[in-house]
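# Architecture and fold: a report
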Amino acid sequence: MKKTVFLGALAIAGVAGVMASAQTLDDVKARGALNCGISTGLVGFASQDANGEWQGFDVAVCRAVAAAVLGDASAVDFTPTTNQVRFEVLNSGEIDMLARNTTWTFSRDVDLKLEFAGVNYYDGQGFMVPAALGVTSAKELDGATVCIQAGTTTELNLADFFRINNMSYQPVPISTASEAQQQYLAGSCDVYTTDASGLAATRAAFEDPSGHIILPEIISKEPLGPLVRHGDNEWGDVVRWTLNALIAAEELGVTSANIEELAAGTDNPEINRLLGSEGSLGEMLGVSADWAKNAIAANGNYGEIFERYIGQNTPIGLARGLNAQWTEGGLLYAPPFR
Amino acid sequence: MSTMSDPTQPVFRLSMLVNDTRYRGITFQIIAFFAIVFLFGWMAWNATQNLAALGQNISYGFLGEGAGYDINQKLIPYASTDTHLRAAFVGILNTLLVAFLGCITATIIGVTVGVLRLSNNWLVAKLMSGYVEIFRNVPVLIWILIIFSVMSNALPAPSAFRGENATASMVMDAFAFTNRGVYIPRPVWEPGSWMVVTVFFLSIVGIFALRRYAVKLLFDTGREIPVLKLSLAIFFVPTLLVYFLTGMPISLAYPSLQGFNFQGGIQIFGSLIGLWFALALYTGAFIAENVRGGIMSVSKGQTEAAAALGMRPGRIMRLVILPQALRVIIPPLISQYLNLTKNSSLAAAVGYMDITGTLGGITLNQTGRSFEAILLLMLFYLIISLSIAGVMNIYNNAIKLKER
Ligand SMILES: N[C@@H](CCC(=O)N[C@@H](CS)C(=O)NCC(=O)O)C(=O)O
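All values reported here derive from a predicted model rather than from experimental measurement.

### Comments concerning the state of the cysteines
Residue and element names in this part refer to chain A. Following the criterion strictly, the structure yields 2 disulfides over all chains and no others. A disulfide bridge connects Cys 36 with Cys 62, and the sulfur atoms are separated by 2.0 Å. Its torsion about the S-S bond being -60 degrees, the disulfide of Cys 36 and Cys 62 is classed as left-handed. In this pair, Cys 36 is assigned in strand S1 (residues 34-38) and Cys 62 in helix H3 (residues 57-70), connecting sequence segments 26 residues apart. With respect to class, Cys 36 is no different from Cys 62; both count as buried. At a sulfur-sulfur separation of 1.9 Å, the disulfide partner of Cys 147 is Cys 189. With the S-S bond torsion at -90 degrees, the cross-link from Cys 147 to Cys 189 turns out left-handed.

### Looking at the nonpolar core
Counting 73 residues, the largest nonpolar core has A:Leu34, A:Phe57, A:Met97, A:Trp235, A:Leu275, A:Trp291 and A:Ile310 as its most contacted members. The leading source of residues in this core is H3(A), at 10 residues. Formed jointly, this core draws a minimum of three residues from each of two domains, domain 1 (25-122 + 224-328) and domain 2 (125-220) of chain A. Grouped together as the second largest cluster of nonpolar side chains are 45 residues, B:Ala106, B:Phe135, B:Phe269 and B:Ile295 included.

### Points about the side chain of A:Asn299
Considering the arrangement of structural elements, one finds A:Asn299 in helix H13 (residues 291-299). Excluding its chain neighbours within four sequence positions, the residues that come into contact with A:Asn299 are A:Ala60, A:Arg63, A:Glu304, A:Ile305, A:Arg308 and A:Tyr309.

### A short note on the site of the ligand
Residues and elements named next belong to chain A. In the neighbourhood of the ligand, 22 residues make up the surrounding shell, with Thr 40, Arg 86, Arg 100, Thr 103 and Asp 195 lying closest. Residue Arg 86 places a side-chain N or O atom 2.8 Å away from an oxygen atom belonging to the ligand. Across the complex, the protein chains shield 100% of the 500 Å² of accessible surface that the ligand would expose by itself. Among the secondary structure elements, those contributing two or more residues to the shell around the ligand are helix H6 (153-164), strand S11 (191-195) and strand S13 (222-224). Along the lines of polarity and charge, the residues of the shell around the ligand split into 3 nonpolar, 14 polar and 5 charged. Two domains each donate at least three residues to the shell around the ligand, and these are domain 1 (25-122 + 224-328) and domain 2 (125-220).

### Observations concerning a nonpolar patch on the surface
All names here are of chain B. Together, Leu 228, Leu 232, Phe 236, Val 237, Leu 240, Leu 241, Phe 244, Leu 245 and Met 248 make up an exposed nonpolar region whose accessible area comes to about 960 Å². Take Leu 240: it is sitting in helix H7 (residues 227-245). For Leu 240, a relative accessible area of 42% gives the class partly exposed.

### A word on the UniProt feature "transmembrane region" (unreviewed entry) in chain B
Under the local residue numbering, the UniProt record ascribes the feature "transmembrane region" (unreviewed entry) to residues 26-45, 87-116, 137-155, 192-210, 230-254, 266-288 and 373-395 of chain B. Across residues 137-155 of chain B one finds 79% helix and 0% strand; the C-alpha atoms that close the span lie 27 Å apart.

### Things to note about the sheet that holds strand S10 (residues 169-174) of chain A
What holds strands together in a sheet is hydrogen bonding between their backbones, with the strands either parallel or antiparallel. Residue and element names in this part refer to chain A. Strand order in the open sheet formed by 5 strands is S10-S9-S11-S8-S12, and the pairing between neighbours is mixed. The open sheet has two free edges, formed respectively by S10 and strand S12 (212-214), since each of these has just one partner strand. Each strand of the sheet is rotated relative to its neighbour by a mean of 30 degrees, with strand direction disregarded. Sheet topology places strand S8 (residues 125-130) next to S12; 3 bridges connect them, and they run antiparallel. In the sheet register, Pro 130 faces S12, and the bridge partner there is His 212. Packed on one face of the sheet, H6 meets S8, strand S9 (144-149), S10 and S11 and runs near 80 degrees to S8.

### Some details on helix H10 (residues 313-343) of chain B
Compared with an ideal rise of 1.5 Å per residue, which puts 31 residues at 45 Å, H10(B) spans 37 Å between its outermost C-alpha atoms and falls more than 12% short. The largest bend along H10(B) measures about 45 degrees and falls at B:Ile321, with the proline B:Pro323 one to four residues further on.

Conventions we followed
Residues numbered from 1 in each chain as written. Chains lettered and ligands numbered in written order. Predicted model: local features only at pLDDT ≥ 70, side-chain atom pairs only at ≥ 80, totals over all residues. Heavy atoms only, no water. Disulfide = S-S within 2.5 Å. Helix = DSSP H or I, 4+ residues; strand = E, 2+ residues; numbered from the N terminus. Buried < 20%, exposed > 50% of the residue type's maximum accessible area, 1.4 Å probe, protein only. Core = buried A, V, L, I, M, F, W, Y, C linked by side-chain atoms within 4.5 Å. Domains from an automatic or database assignment. Contact = heavy atoms within 4.5 Å. Near = heavy atom within 4 Å. Polar contact = N/O pair within 3.5 Å; in protein donor to acceptor, adjacent residues only side chain to side chain. Areas by Shrake-Rupley, 256 points an atom, 1.4 Å probe, with all protein chains shown as cover. Nonpolar A, V, L, I, M, F, W, Y, C, P; charged D, E, K, R; others polar. Patch = residues over 30% accessible without salt bridge, like charges linked within 9 Å, V, L, I, M, F, W, Y side chains within 5 Å. Salt bridge = Lys/Arg side-chain N within 4 Å of Asp/Glu carboxyl O. UniProt positions renumbered as here; feature names shortened; annotations may be inferred. Pairing = 2+ DSSP bridges. Axes fitted to C-alpha atoms, helices over the stretch in contact; angles between N-to-C directions. Expected span 1.5 Å × (residues − 1). Bend = angle between axes of the 7 residues up to and from the residue.

Below you can see the structure in the form of structure tokens.
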């Protein structure tokens, strides 16, 4: 028995040790498909439609990267990952990038050897309670039972929040969003806490969304973004600038409707450089000249993606808020394309 | 052994290492030994190389850092500001708790069912074999999930106990069965309670002494004394007497609904109950089979002989069959206990914070120290398994057939 257990550990070490090679870009091109890690299912961010196709705000990032590198937004193999295994799956090389409501933190960036390619949603942690509880503020939650997803920044913020406010609570650790939803609806916990966007998405999937309220307190900063392994800068650049291209496209007024027309050439040199009719940005990045055009054409620019999957006209109904362009009072600010 | 050397012994040739049966065994053992050492060495080297390539070194420093997360069920004081090491201890105690409760319950279920399965009552025998088949043939993880989800969906939430027209109420005003667990009264120890406890334990010792004495009396003089009545008297009278004399120092705090949850009593978490019962029922089915096999291994002549001496069936089972059957039952029972303990690591499925949930779950996750955490986990389960096996082996040696 001793032996088998030991072998098991080393097998794990072996898996964890598959090298973070410095040629992910070449690998993806050779494979002809992008391996993208997403969440196990969160309406609006990553969920399967009636045809079994993955759709959503995070999924769109994967598709844009696939379009930029391979010219084909459908050349993506999706790997649903739980909060607990996501970084291990990425570091093991099983996926090329991760796009699943993941908060950019110091220790993840530095200690866990991950590389965040930017932020696609500026979020913060909130609380949801059944309206019938009559609770109006998170400060009234003393003694409550709280559902949280294990392996997240959420559980750490939660511990701090209750400790600082001198309140007690009982955590119920849960591994996926759908499980959390079940337990919350069954009344096994009084409160469900996660990123506010996740709360809105979860609530949108309820039979009676109006029976649940999201409390006004936002207790943390949760910049969510796509990430890659540490140590492969070329690949990190591809993901980073694909995201920037989507954001810049909105700022520059490039949409999926007018992109063909604009790609032929305009009198705005930045649009020309972005879409490849001028300069050689694609070549520098190691991809084709029309990389950004393909990425934007896949699902539209950042604003289009936002409105389609999680915006005001969807059941999730999120306002742009912090996620508006810097020109509109938000935080989105893509560096210049030159 | 002869000390004389054979004068015609042939000179040693290298080929004899393989061809000569005297050396062959040793040769292959040595080869196997080096092969294994090489294999493990290579894997260890590979692991460190790969970790180094990922920019990680093996370090246990994280155990001393603040854990930052909270745990619901803790048998020792713990707060989120404590270290990962302490969180791991909380997890270890939770593992031991569910393993202990599970093993005891599984044994009780197993012995009862195993005996009843051999009952002459057709219905009872069939019911018991139905239980065994159902539990043995469905994976334990499924049972854990079933029992847990039945609990969390069938039982009312604490809020159902609230208000004028509450839809749920407490049992005897002392127990509350909710989907978050079962709340029971908590004993409150006031000064002087230690006397009551001491007297209680002394009475238990007294009962054992009495039984010994009764047997001796029976063998020496043939006189019988009413052991049961005397035992009951010793059990209750002195303890109650001291309890009232010291002014009733032990009282009960009843759980009551305060805010979101019941407070004041002891909460037995739903996750613990789900895990405990699933493990006990599942393992109990296997133990039942061991018990049945053990009983059937005792020859029928023993039963008949005991019956011919005029013993009643219950006594035959207790005094003649089971003691002999135990010798057959104990060895597989050890492995059932080990199974149960290891299966308790499925706790994560219901959010029970055992060692796999703390050290192997949240700590592993938040620190990214998977290799270190998994090694520690393995070490823990190894130590626990070896200890259980060790203790049970001592017991097995004590009851096994004494060959004289
Ligand atoms: N942003 C936090 C929390 C992540 C999280 O819990 N996300 C939830 C909802 S916002 C999720 O992805 N659920 C889907 C799933 O469990 O697969 C982190 O990175 O640790």
